[in-house]
Amino acid sequence: MRSALWLPLFDELAEPAVVARLAAEAEEAGWHGLFVWDHLRWQAPVVDVADPWITLAAVATATEQLRFGPMITPLARRRPAKLARETTTLDRLSGGRLTLGVGLGSDRFGHELSKTGEELDDRRRGRMLDESLEILTAAWSGEPVHHHGEHYTIDGIEFLPRPVQRPGVPVWVAGFPGNRKPMQRAARHDGFFPVNLEHPDQVAEIAATIADLRGDTAAPYDIAVALPTGTDPRPYAAAGATWWLTDVSPGDTLDHVRGLLRDGPA
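All figures in this text were calculated on a predicted structure; none of them were measured in a lab. (Residues numbered from 1 in each chain as written. Predicted model: local features only at pLDDT ≥ 70, side-chain atom pairs only at ≥ 80, totals over all residues. Heavy atoms only, no water.)

Caption draft 1: Representation of the overall build of the chain. Scanning the chain for helices and strands turns up eight helices and eleven strands. What you see for the chain is a C-alpha radius of gyration of 18 Å, in line with the 18 Å of a compact globule of 266 residues. Oriented by its inertia axes, the alpha-carbon framework of the chain measures out at about 50 × 40 × 35 Å. Per-residue burial for the chain yields a buried fraction of 50% across its 266 residues. The long-range fraction of contacts in the chain, counting pairs at least 24 apart against all pairs at least 6 apart in sequence, stands at 68%. For the chain, the computed accessible surface area is about 12400 Å², with 49% contributed by carbon and sulfur atoms. Positive and negative side-chain charges of the chain, numbering 27 and 37 respectively, have mean locations separated by a distance of 4 Å. (Helix = DSSP H or I, 4+ residues; strand = E, 2+ residues; numbered from the N terminus. Rg over C-alpha atoms; globule rule 2.2 N^0.38 Å. Buried < 20%, exposed > 50% of the residue type's maximum accessible area, 1.4 Å probe, protein only. Contact = heavy atoms within 4.5 Å. Areas by Shrake-Rupley, 256 points an atom, 1.4 Å probe, with all protein chains shown as cover. Lys, Arg positive; Asp, Glu negative; His and termini not counted. Charge placed at Lys NZ, Arg CZ, Asp CG, Glu CD.)

Caption draft 2: Highlighting the packing of aromatic side chains. Counted under the stated rule, the structure contains ten aromatic pairs. Judged by centre distance (5.3 Å) and plane angle (85 degrees), the rings of W6 and F193 are edge-to-face. Note that W6 is positioned in strand β1 (residues 2–7) and F193 in strand β9 (residues 191–194), a separation of 187 residues in sequence. We classify F193 as buried; its relative accessible area is 4%. For the ring pair F10 and W42, a centre distance of 5.5 Å and an interplane angle of 35 degrees mean the geometry is tilted. Of this pair, F10 sits in the loop between β1 and α1 (16–29) while W42 sits in the loop between β2 (33–36) and α2 (52–62), placing them 32 residues apart in sequence. When its relative accessible area of 5% is taken as the criterion, F10 is described as buried. Among the aromatic residues, those joined into a ring-pair cluster are W6, F10, W37, W42, F109 and F193. (Phe/Tyr/Trp six-rings, centres within 6.5 Å; stacked < 30°, edge-to-face > 60°.)

Caption draft 3: The arrangement of the nonpolar core in detail. In this structure, L7, L34 and V225 are the most contacted members of the largest nonpolar core, which totals 63 residues. Of all the elements, helix α4 (residues 122–140) adds the most residues to this core, at seven residues. In contact with L34, other than residues within four places in its own chain, are A4, L5, L7, V19, A23, V59, L66, R67, F68 and G69. Grouped together as the second largest cluster of nonpolar side chains are 16 residues, A4, W42, A226 and W243 included. (Core = buried A, V, L, I, M, F, W, Y, C linked by side-chain atoms within 4.5 Å.)

What follows is the structure in structure tokens.
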């Protein structure tokens, strides 16, 4: 089971140079990954918010082996053609270490969707998410993309160069345990990130469901779990989780994160 820091890019962690130094220290301490939240704003008392993609570019240049990515980016508020370029460029910058975490996103904590005129209907955002994933998969292939969908149009563009990773950047899909639609979506990609996980038994159920959905395939697959500080990750690993992420909360200080780093991965 691999380990990663999972950081909200708020306040003291809203400085890309600070996060890049944390990433370098995490790599040296034996951590396997560093993932970041993707938000435009958050509820009070959070004030400062950093862009995840610029921050991840800093992480890429400060490390050599650490896997990293947004966890998660709400694809419905991103243009898939631009994201295709961004993900490929970041994957090449890092030598093939990007993982793309995706999901519906939420307006609950920062009203970032409603305050910026984004789509609020979950079902519609779900269709936008699926369409975006189709475009990204096609773009990473290097072949001309011909897409005329409900929400997006791409007419014969080749997205070259390709990512270092083949057939493309690994995609982890977020969703609530017990919600079959996100798991069906996740089964078509490379990993599942269950949100608000409460017990390792849920991981075993998720692993069984996704294995059934994927059928007879030997392709590697990840299940990543976010665990509060002090939680023993071993029962989750035994249930089928392949990654555990430190559940750092908004308002947690830089000193708190450095304490996690010093303690090292479990």
